[in-house]
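Descriptive analysis of the structure
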Amino acid sequence: MVVSMGRRRWPSPSGLGPGLLLLLALAVPAAHGAGAIASARPEATRAGHAILAAGGNAFDAAVAVAATLAVVEPFGSGLGGGGFFLLHRQQDGHQVMVDGRETAPAAAHPDLYVDADGEVVPGASVDGPLAAGIPGLPAALVHLSEGYGRLPLARVLEPAIQWAEEGFEVSAHYRAMATFRKDVLNDYAASAAIFLDAGEVPGEGALIRQPDLAATLRRLGAEGRGGFYDGEVAAALVDAVVDHGGIWSAADLAAYRVRERAPVVSRLGDIRVVSASPPSSGGVALATMVHMLEDLPLGDLSEADAVHYMVEAMRFAYRDRAVYLGDPDYTAVPVARLTSPAYAHRLVRQISPGQRAHIPTPDFPPQPAGTHTTHFSIMDDAGNRVAATLSINYPFGSGFVAAGTGVLLNDEMDDFVAKPGVPNVYGLVGGRANAVEPGKRPLSSMSPTFVEGPDRIGVLGTPGGSRIITMVLLGALDFARGNGPASWVARPRFHHQFLPDVVQFEPGAIAPDVQRELEARGHRLQALDSTYGNMQAVMRERRSGRFSAASDPRGEGLAEVR
Ligand code: GLY
């Protein structure tokens, strides 16, 4: 049963338009094999449900959805990338974040992306194999399957393999992403052969077949992690990377390990917010913002006051992100302090109701942050849950496919700080905590999240680069107001990330009179000419067991309850 299907359109500035009115917010009671899945592609949502119907649990379904997205949404995530899986196992209440984030190769160093004059080399951390970290997704899929699933990995990968062999249809969004990255895809013959048609972006409805990727997935299913990180696939990956100027070695791949980490937990009144821990900045920044806002009667404030306080919370949380956050295996991240309500309450005292806070900073122009990366949310009838945000970073990652493997490599190395104070592709700055070091994981904004209220449990997340965390904040606040997934995914969005020092907002997200009031308090506003994000969310009512689900109307996803 379809609950809501994403539409790539957005309402008029006056409010929610006809696209949203088409959403069918159906709630369905649970039955055996039942569950709720929302993902960025219909093929992936259906693959997850097929695995639930075959006797798999939410963790098996998560492997199926992730692997299928790796095939049918190649600009968002893939075997050549990584991500975070937030898990809740109902039988014992175990909650954990499976960290499948990429790692820097052993030959990496803090000056990898700067020239002899100390200047950042444009594009070096974004395009081509030098930009690629050691992938984590294949190891994470094996870890989930072996540690939490019920079905054999080879069975769970079948839908993805079928899509890779038979091909998926090019969509409007694929065309937009491929157009954006056409030049770099054309730089590499193996990439252009798969994703372009004689060097041009294929037309809508054209089939993208990936037989090499199907073979790599088959090998992963048959051999487990060794099928990717050792042997023929690993050798082909390293040879291709080194031949094209990259610095991977066989030892880098053999050494890759997922990490299990305790999630970051914060409280928004009687709601428990569970989110990603470092090397994601998501849970920590979310905790700071949630704790800053929890005592404010946002619902009773004027719209200008409410937006003002939310923007100020974002400003302080992203300031701390830039200063303190990095890979916890390499840098001491003060998680307990940054996530404590007492710290947040001290920050709140620095907010003036009538004037924005001034934190001395340099400034630079805003950078785009789009809809790349991917997210999906799953709940099964037993109560298991998965929130997963996965990425190859920029659309189509580094643009580099290792010939013979079908694996499109990430450019997640750009999430490191190439040089202190110099912004990355999302306009984010940072310091030593997130400098490039061998074996280190780059800081992320990916924020797979659970919101656990007394009556309802929600699972949500979204792509969107640096804006991910503020989108999840707005979604969690909407949950707290009593709204359901259709509202969280559709609500208009605004964002502040400390630097650049602007409030970015979607068309119609801040009314003109509110804009004027914010400007009078010293905020600089930037009206975006397009929407952003692609939130995928599911919810369950505790008492009735009823599921609901929604897929962002800005995207091409599918939310389905069965
Ligand atoms: N590559 C985007 C992120 O991890 O935040």
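In this text the structure is predicted, and so the values were computed from the model without any measurement.

1. Some remarks on the confidence of the model for the chain
Confidence along the chain averages 91 in pLDDT terms, with 91% of residues attaining 70 or more. Below pLDDT 50 for its whole length, residues 1–26 participates in 68 contacts with residues either more than four positions away or in separate chains.

2. Structural notes on the site of the ligand
Of all residues adjacent to the ligand, which total nine residues, the nearest are Asn-393, Glu-412, Asp-415, Ser-444 and Ser-445. A distance of 2.8 Å separates a nitrogen atom of the ligand from a polar atom in the side chain of Asn-393. A distance of 2.7 Å is found between an oxygen atom of the ligand and a backbone nitrogen or oxygen belonging to Ser-445. Protein coverage of the free-state accessible area of the ligand, which is 200 Å², stands at 99%.

3. Details of the environment of Ile-359
Relative to the assigned elements, Ile-359 resides in the loop between helix H17 (341–348) and strand S10 (374–380). It is 39 Å that separates the C-alpha atoms of Ile-359 and Ala-140, two residues lying 219 residues apart in sequence. Ignoring sequence-local partners within four residues, the contact set of Ile-359 consists of Arg-315, Phe-316, Arg-319 and Phe-498.

4. Looking at the sheet that holds strand S8 (residues 264–268)
Pairing is antiparallel across the open sheet formed by six strands, whose spatial order is S8-S9-S14-S15-S19-S20. The open sheet has two free edges, formed respectively by S8 and strand S20 (547–551), since each of these has just one partner strand. Strand after strand, the sheet turns through a mean of 15° between neighbouring axes, direction not considered. When strand S14 (residues 449–452) meets strand S15 (residues 456–460), the two strands line up antiparallel, connected through four bridges. Among the inter-strand pairings, Phe-450 is bridged to a residue of S15, identified as Val-459. Here helix H14 (residues 282–293) sits on the sheet in contact with S8, strand S9 (271–275) and S14, set at roughly 20° to S8. Helix H18 (residues 468–480) rests against S8, S9, S14, S15 and strand S19 (536–541) of the sheet, and its axis sits at about 165° to S15.

Definitions and cut-offs
Residues numbered from 1 in each chain as written. Predicted model: local features only at pLDDT ≥ 70, side-chain atom pairs only at ≥ 80, totals over all residues. Heavy atoms only, no water. pLDDT = per-residue confidence, 0-100. Contact = heavy atoms within 4.5 Å. Near = heavy atom within 4 Å. Polar contact = N/O pair within 3.5 Å; in protein donor to acceptor, adjacent residues only side chain to side chain. Areas by Shrake-Rupley, 256 points an atom, 1.4 Å probe, with all protein chains shown as cover. Helix = DSSP H or I, 4+ residues; strand = E, 2+ residues; numbered from the N terminus. Pairing = 2+ DSSP bridges. Axes fitted to C-alpha atoms, helices over the stretch in contact; angles between N-to-C directions.

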